[in-house]
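Listed below, chain by chain, are the residues.
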Amino acid sequence: MNFKYEYQKRVEYIEAILRKYLPKQEGHQKIIMEAMEYSLMAGGKRLRPMLMWESFCLFRGEGEIIEPFMAAIEMIHTYSLVHDDLPAMDNDEYRRGRKTTHVVYGEDMGILAGDALLNYAFETACRAFDIAPENSRRIGEALKILSGKAGIYGMIGGQVVDVKESGHGPTGDLLDFIYRLKTSALIESSMMIGAVLAGAEAEEIGRMETIARKIGLAFQIQDDILDITSTTEVLGKSVYSDEKNEKTTYVTWKGLEASKEEVALMTDEAVRELSLIRENCGFLEELLKSLVYREK
């Protein structure tokens, strides 16, 4: 298997879905549709919809029921980045190699673009009811996961604690809590929704949540590592932003080498857990490894 080729094929498929579900740029509020597209189509790994698709395929899901949720999860992820970059948060000028949304459209439209993406994500996910009304129960369960993992008990909750603790030096346990919610929650949502919409059993969905949690933590720790070992040109965003914002990270807590060991350990555990579902997971297994050993 040529992993890079297969990965790029999936990125192209996902971006076609995103374009399909973006709103038309029309009406007096046209500028917000433009800002939404600018933010959503800025590139990136397309990790969350890709994990959702691969999980759906893992449990032999069929049909287009998954597509609105793939678009929705990327809209939610993108809105979080748009708000993360705002002056009141990380105040970053670059994201994915180009100017951040608030720099291009102004701080007011940056806030509204994030709001619009979040709301439109749920409008988009609900279109699955029109595609597969016979699977309304699964769609309802997927919506429950999506809203829960994105909210105050998921990503937003993690972000709240992260902001509140900036400059305070949170303990290791609290740092794990922040990462589990801030980063892992949407990855958990992606893999769980893929399994739910494919008709997986409750035990299998729980196992996917465990795998995703480990990968999410490893992914965030690798992000900490890259923040001090990479460059703005390679990452496509500012480096040393954690230091600038006085944030405690795994690297400042445990050191660089111990952080690298933690990434390897969590990834190995996730891959072993995946093998209990299916012995040869091919692309999905390689994808999990590539995410946490990445250079950008």
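Check the entry above for the structure.
Residues numbered from 1 in each chain as written. Predicted model: local features only at pLDDT ≥ 70, side-chain atom pairs only at ≥ 80, totals over all residues. Heavy atoms only, no water.

1. As for the packing of aromatic side chains
Part 1 of the reasoning: For the structure shown, the criterion picks out 7 aromatic pairs.
Part 2 of the reasoning: With 6.1 Å between their ring centres and 35° between their planes, W53 and F56 make a pair best called tilted. Of the two residues, W53 and F56 both sit in helix 3 (residues 47–58), 3 residues apart, roughly one turn of that helix.
Part 3 of the reasoning: On the basis of relative accessibility, which here comes to 22%, the residue W53 falls in the partly exposed class. (Phe/Tyr/Trp six-rings, centres within 6.5 Å; stacked < 30°, edge-to-face > 60°. Helix = DSSP H or I, 4+ residues; strand = E, 2+ residues; numbered from the N terminus. Buried < 20%, exposed > 50% of the residue type's maximum accessible area, 1.4 Å probe, protein only.)

2. Focus on the environment of I187
Part 1 of the reasoning: With respect to the helices and strands, I187 occurs in helix 10 (residues 172–198).
Part 2 of the reasoning: A relative accessible area of 0% places I187 in the buried class.
Part 3 of the reasoning: C-alpha of I187 to C-alpha of A142: the two residues are 45 residues apart in sequence and 14 Å apart in space.
Part 4 of the reasoning: In contact with I187, other than residues within four places in its own chain, are L47, R48, L51, A212 and G216. (Contact = heavy atoms within 4.5 Å.)

3. Comments concerning the pattern of salt bridges
Part 1 of the reasoning: One pass over the full model with this rule turns up 22 salt bridges.
Part 2 of the reasoning: For R207, the salt bridge is made with E273, and the minimal N-O distance between the two is 3.1 Å. With a gap of 66 residues between them, R207 in helix 11 (residues 202–229) and E273 in helix 15 (residues 256–277) connect regions that are remote in the sequence.
Part 3 of the reasoning: Taking the shortest distance from any N to any O, the salt bridge between E262 and K254 comes out at 3.3 Å. (Salt bridge = Lys/Arg side-chain N within 4 Å of Asp/Glu carboxyl O.)

4. Brief notes about the nonpolar core
Part 1 of the reasoning: Judged by nonpolar contacts, the single largest core of 82 residues is most densely connected at L51, F69 and L197.
Part 2 of the reasoning: Ranked by the residues each element gives to this core, the list is headed by helix 10, at 12 residues.
Part 3 of the reasoning: The contact partners of L51, leaving out residues within four places of it in the chain, are I187, S190, M191, L284, L287, L288 and L291. (Core = buried A, V, L, I, M, F, W, Y, C linked by side-chain atoms within 4.5 Å.)

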